[in-house]
Amino acid sequence: MIACLVPNIQKAGAVQTAARAAAILHRLGVEVLLAQQPGETCCVQYARSLPRQEAFAAADWLITVGGDGTILHAAKHSLAYNKPILGVNLGRTGFLATCELDELEQKLSLLAQGQYTLDQRMLLDVCAKTDPPWRHTALNDTVLYKSDMLHTIDFSVYCDGILVNRSRGDGVIVATPTGSTAYSLSAGGPILDAAVQGIVVTPICAHSLQRPPMVFSASRRLTIQLDTADRQAVYISSDGAEQRLLPHGCEIEIAQAQQCVRLISFHPADQFQAIDQKLKGR
């Protein structure tokens, strides 16, 4: 078996933790690769460095070392290879990670023995009708937001071509079940079981008491229409990256992606354990 380490070298302790993981995996008889991005010079004992795409293609598992952002980044760049991802948490919350530092040896041993399950996490295909079109795939969410905190934006939400909501506020979050515990939750959205196939639409600071979050079937196709008369600059971002300025009146189409991301889990209720232990501030 081959494991590919994907450390966030900008995060304190990531290289040292990757080196510890490589030593454990080597002892367990697992070949270890280290994914290198252009310009990186990171070296880890017991790990063979390869360009990121070559390492992703050769590996049986991807092991990220960092926070949730590291998992999101690896998921985006590994979609073509459909490799399972195990997150080792060095972040403040690490909600998507299922391995804490003090569990590293135990969880890697279970991984090497094949004693794990795979959580299939749905993705969103997002297309903003700009010139050229802005297309992205989101594991957590896509967010439309304004550039000026002193003004609001107006937008409409359509489901399969039918108007379901007109809203004014600071923006809107369209989240997967995975992303329901991220920005959407902070904005008042519901928590969805990650096994549910659904799309959460959560207004950000809506200027109305009658604009609650809504949950749609993943089979629906959503469209967000920006108001043509609104002069406020509006941006779009998916999974906290790739920001793009949108033209007035722009349409954004969002639907479930055909692909999914597979996260390595060691207990069927890992998501709810993370909610209990990490989101409640214990």
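Preceding this paragraph is the structure being described.
Described in the following lines is the structure provided in the data block. (Residues numbered from 1 in each chain as written. Predicted model: local features only at pLDDT ≥ 70, side-chain atom pairs only at ≥ 80, totals over all residues. Heavy atoms only, no water.)

**Quick word on the overall build of the protein**
The helix and strand tally for the protein stands at 6 helices and 17 strands. Radius of gyration (C-alpha) of the protein: 20 Å, near the 19 Å computed for a compact globule of 282 residues. Dimensions of the protein, computed from the C-alpha atoms along their principal axes, are close to 60 × 40 × 35 Å. By residue count, 50% of the 282 residues in the protein fall in the buried class. Within the protein, counting contacts between residues at least 6 apart in sequence, those at least 24 apart form 66% of the total. (Helix = DSSP H or I, 4+ residues; strand = E, 2+ residues; numbered from the N terminus. Rg over C-alpha atoms; globule rule 2.2 N^0.38 Å. Buried < 20%, exposed > 50% of the residue type's maximum accessible area, 1.4 Å probe, protein only. Contact = heavy atoms within 4.5 Å.)

**So, the sheet that holds strand β13 (residues 214–217)**
Spatial strand order, β13-β12-β11-β8-β15-β16: 6 strands in an open sheet with antiparallel pairing. A strand with exactly one partner marks an edge of an open sheet, and here the two such strands are β13 and β16 (241–246). Strand-to-strand twist of the sheet, defined as the mean angle between neighbouring strand axes without regard to direction, takes the value 20°. In the sheet, strand β8 (residues 141–146) pairs with strand β11 (residues 171–175) via 5 bridges, with the strands oriented antiparallel. Opposite valine 143, over in β11, you have isoleucine 173 as the bridge partner. (Pairing = 2+ DSSP bridges. Axes fitted to C-alpha atoms, helices over the stretch in contact; angles between N-to-C directions.)

**Comments concerning helix α1 (residues 14–27)**
In this model α1 runs 20 Å from its N-terminal to its C-terminal C-alpha over 14 residues, within 8% of the 20 Å that 1.5 Å per residue would give. Within α1, burial applies to Ala14, Thr17, Ala18, Ala21, Ala22, Ile24 and Leu25. The buried residues of α1 occupy one face: seen down the axis, they fall within an arc of 165°. With respect to the buried face of α1, the exposed residues turned more than 90 degrees away are Gln16 and Arg27. Buried residues in α1 make contact with β1 (2–7), β2 (31–36), β4 (61–66), β5 (85–89) and α4 (104–112). A positive phi of about 85° marks glycine 29, the residue just after α1. (Expected span 1.5 Å × (residues − 1). Arc of directions from axis to C-beta.)

**Re the packing of aromatic side chains**
The tally for this structure, following the rule as stated, stands at 2 aromatic pairs. Ring geometry for tryptophan 61 against tyrosine 116: centres 6.5 Å apart, planes inclined by 85°, an arrangement best described as edge-to-face. Of this pair, tryptophan 61 sits in strand β4 while tyrosine 116 sits in the loop between α4 and β6 (117–128), placing them 55 residues apart in sequence. Taking the relative accessible area as the measure of exposure, tyrosine 116 reaches 24% and is therefore partly exposed. Each ring, one from tyrosine 145 and one from tyrosine 235, has its centre 6.0 Å from the other, and the planes form 20°; the classification is stacked. With tyrosine 145 in strand β8 and tyrosine 235 in strand β15 (residues 234–238), this pair connects stretches of sequence that are 90 residues apart. (Phe/Tyr/Trp six-rings, centres within 6.5 Å; stacked < 30°, edge-to-face > 60°.)

**A look at the pairing of β5**
Among the 5 residues of β5, 5 are classified as buried, and the element is accordingly described as predominantly covered. Here β5 shows two buried faces, one formed by Ile85, Gly87 and Asn89 and the other by Leu86 and Val88. A crossover links β4 with its parallel partner β5, the connecting element being helix α3 (residues 68–77), and its sense is right-handed. (Right-handed = clockwise from strand over helix to strand, strands pointing away.)

**A closer look at the pattern of salt bridges**
Side-chain pairing between opposite charges can occur once the charged atoms of the two side chains come close. Within this structure, the stated rule accounts for 9 salt bridges. Between lysine 129 and glutamate 251 there is a salt bridge, and its shortest N-O distance comes to 3.5 Å. One end of the pair, lysine 129, is in the loop between β6 and β7 (134–138); the other, glutamate 251, is in strand β17 (residues 251–265), with 122 residues separating them in the sequence. The exposure class assigned to lysine 129 is partly exposed, which follows from its relative accessible area of 43%. For glutamate 251, a relative accessible area of 28% translates into the label partly exposed. (Salt bridge = Lys/Arg side-chain N within 4 Å of Asp/Glu carboxyl O.)

**Quick notes on the state of the cysteines**
Scanning the entire structure with this criterion turns up 0 disulfides. With no disulfide of its own, cysteine 127 has cysteine 250 as its nearest cysteine by sulfur position, at a separation of 8.6 Å. Classification of cysteine 127 as buried rests on a relative accessible area of 12%. (Disulfide = S-S within 2.5 Å.)

**Thoughts on the nonpolar core**
The biggest cluster of nonpolar side chains holds 27 residues, and the ones touching the most others in it are Leu5, Leu25, Ile63, Leu86 and Leu108. Of all the secondary-structure elements, those providing two or more residues to this core are β1, α1, β2, β4, β5 and α4. Per-element tally for this core: the top contributor is α1, with 6 residues. Among all residues touching isoleucine 63, those that are not within four sequence positions of it are Ala3, Cys4, Leu5, Val6, Leu25, Leu86, Val88, Leu108 and Leu111. Counting 26 residues, the second-largest nonpolar core is a separate cluster that includes Val126, Ile153, Ile199 and Leu246. (Core = buried A, V, L, I, M, F, W, Y, C linked by side-chain atoms within 4.5 Å.)

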